[in-house]
Amino acid sequence: MVFRTLYRLTGSKEHLEDLAQEVFLRLYKALPSFRGESLVSTYLYRITVNVAQNEWKRRRRTDQPLVSISDDTSAWEDRLQHPDRNAEQQMEEREFAGLVEEQLQRLSGVERSVLVLYHQEERSYEQIAEALAMPIGTIRTHLHRGRKKLREGIQAVRELERRASWAVNG
Amino acid sequence: MGSERMSEEQLLREKSLDERVAGALEQVPDVAGLIPEDFAARVAGRVPVKKSVSVTPTHYGRWVMLVCGVVLLVVMVGLASIGMMRSTFGILFEWFLCVQFLVLAFWLGTRRWREG
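Residues numbered from 1 in each chain as written. Chains lettered and ligands numbered in written order. Predicted model: local features only at pLDDT ≥ 70, side-chain atom pairs only at ≥ 80, totals over all residues. Heavy atoms only, no water.

S.K.: In this structure, what is going on with the overall build of chain A? I would like to understand it.
M.R.: Within chain A, the regular secondary structure consists of eight helices and zero strands. Secondary structure elements in chain A, listed N-terminal to C-terminal, are α-α-α-α-α-α-α-α. For chain A, the residues scored as buried account for 45% of the 170 residues in total. Contacts spanning at least 24 positions in sequence make up 67% of the contacts within chain A whose residues lie at least 6 apart. (Helix = DSSP H or I, 4+ residues; strand = E, 2+ residues; numbered from the N terminus. Buried < 20%, exposed > 50% of the residue type's maximum accessible area, 1.4 Å probe, protein only. Contact = heavy atoms within 4.5 Å.)

Below you can see the structure in the form of structure tokens.
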């Protein structure tokens, strides 16, 4: 859970193991003061998001450009589990998935966290609110905005591709 | 009428795109190959080692009591030598110090017996 969430939030496998170690070390240090008011998994998600946020800040400080998982040579699209389909459909799905990941990394940290926890990790609004220490209404707002930005970003990219294709083909 | 149909089509396209985006987000990345086999051992190796607590007794209390007893004895002998016992206050004060000294002596003397 920790590895896949960090992978999706940070957008690359760079320092992934170090980040995951940091998550478990923080959990180990915090367990004596854990009172069981929430699930351990919720607590773990909170730590994971915090570690991811620190990584975003570190990358901003070092002026690292946003890394798109689809640019990764390890082929992010291959890591997604696809049902059996014909090759063309699979390729289209992979391209679309890569486009979604690219736009996901352009969102704010909070919006990205909410989308990943809601869709990929299948957490409820209440669990996400607890993990991120935010009201449920704020979570819904970030989810709505994140989805809207994703959709608009994908539409913009597709429009650019369509115009570029039209310009080339005449 | 035409614009309404277009906005309906646009809404349908957006809804379809939203569903595709949700489907892409719901796909769980396969990270099994990214987790080292000895990951748990690596984390365990970074756990800070707890310092062991010293259980060597220091007997600070006993030494302080001994010093207090010696000081009391010196004060009593000193007061007696300067003749304070002639006044009522002097006698009372001397008795007060004497009782304190006896209590200390009793406590120190029976400490080892109580510790067994």
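Once the structure has been displayed, the description carries forward.
S.K.: Can you walk me through helix H6 (residues 109-120) of chain A in this structure?
M.R.: One turn of an α-helix holds 3.6 residues; hence residues three or four places apart share an orientation. Residues and elements named next belong to chain A. Its twelve residues give H6 an end-to-end C-alpha distance of 16 Å, which sits within 8% of 16 Å, the value for a rise of 1.5 Å per residue. Most of H6 sits out of view: ten of its twelve residues are buried. Gly109, Glu111, Arg112, Ser113, Val114, Leu115, Val116, Leu117, His119 and Gln120 are the residues of H6 that are buried. Looking one or two places after H6, you find glutamate 122, whose phi comes out positive at around 55°. (Expected span 1.5 Å × (residues − 1).)

S.K.: What is the right way to look at the packing of helix H3 (residues 40-61) of chain A against helix H7 (residues 125-132) of chain A in this model?
M.R.: A pair of packed helices is characterised by two quantities: the angle between their axes and the separation of those axes. Residues and elements named next belong to chain A. Between H3 and H7, whose axes approach to 8 Å, the crossing angle comes to 55°. Between H3 and H7, the angle is such that the two are oblique. Crossing geometry of H3 relative to H7 is assigned as right-handed. Between H3, through Thr42, Tyr45, Arg46 and Val49, and H7, the contact on the second element is made entirely by Gln127, Glu130, Ala131 and Leu132. Class assignment of the residues belonging to the contact of H3 with H7 gives a composition of four nonpolar, two polar and two charged. (Axes fitted to C-alpha atoms, helices over the stretch in contact; angles between N-to-C directions. Parallel < 35°, antiparallel > 145°, perpendicular 65-115°, else oblique. Left-handed = near helix turned anticlockwise from the far one by under 90°. Nonpolar A, V, L, I, M, F, W, Y, C, P; charged D, E, K, R; others polar.)

S.K.: For this particular structure, what's the right way to read the layout of surface pockets?
M.R.: In this structure, the second largest pocket encloses a volume near 170 Å³. What lines the second largest pocket is A:Gln155, A:Arg158, B:Gln10, B:Arg13, B:Glu14, B:Ser16, B:Leu17 and B:Arg20. Elements that contribute at least two residues to the lining of the second largest pocket include exactly helix H8 (136-169) of chain A together with helix H1 (2-26) of chain B. With six residues, the single largest contributor to the lining of the second largest pocket is H1(B). In terms of residue class, the lining of the second largest pocket is made up of one nonpolar, three polar and four charged. (1 Å grid on protein atoms, 1.4 Å probe; cavity = no way out; pocket = protein on both sides within 12 Å on 5 of 7 lines; lining within 4 Å. Points joined across faces, edges and corners; volume = space filled by probe spheres on them.)

S.K.: In this structure, what is going on with the interface of chain A and chain B? I would like to understand it.
M.R.: In many analyses, interface size is given as the accessible surface area lost on bringing the parts together. Across the contact, 35 residues belong to chain A and 24 residues belong to chain B. Carbon and sulfur atoms supply 65% of the area that chain A and chain B bury against each other, a total of about 2900 Å² over both sides. Linking chain A with chain B are six salt bridges, by the criterion used here. Across the pair A:Glu17 and B:Arg42 runs a salt bridge, and its minimum N-O distance is 2.5 Å. Within the residue set of the side of chain A that touches chain B, elements represented by two or more residues are helix H1 (2-10), helix H2 (16-30), helix H4 (76-79), helix H5 (87-104), H6 and H8 of chain A. In terms of residue count, the dominant contributor to the side of chain A that touches chain B is H2(A) (ten residues). Split by residue class, the side of chain A that touches chain B holds 16 nonpolar, six polar and 13 charged. (Buried area = accessible area lost by both parts, 1.4 Å probe. Salt bridge = Lys/Arg side-chain N within 4 Å of Asp/Glu carboxyl O.)

Read these as layout, nothing more, since geometry by itself doesn't imply function.
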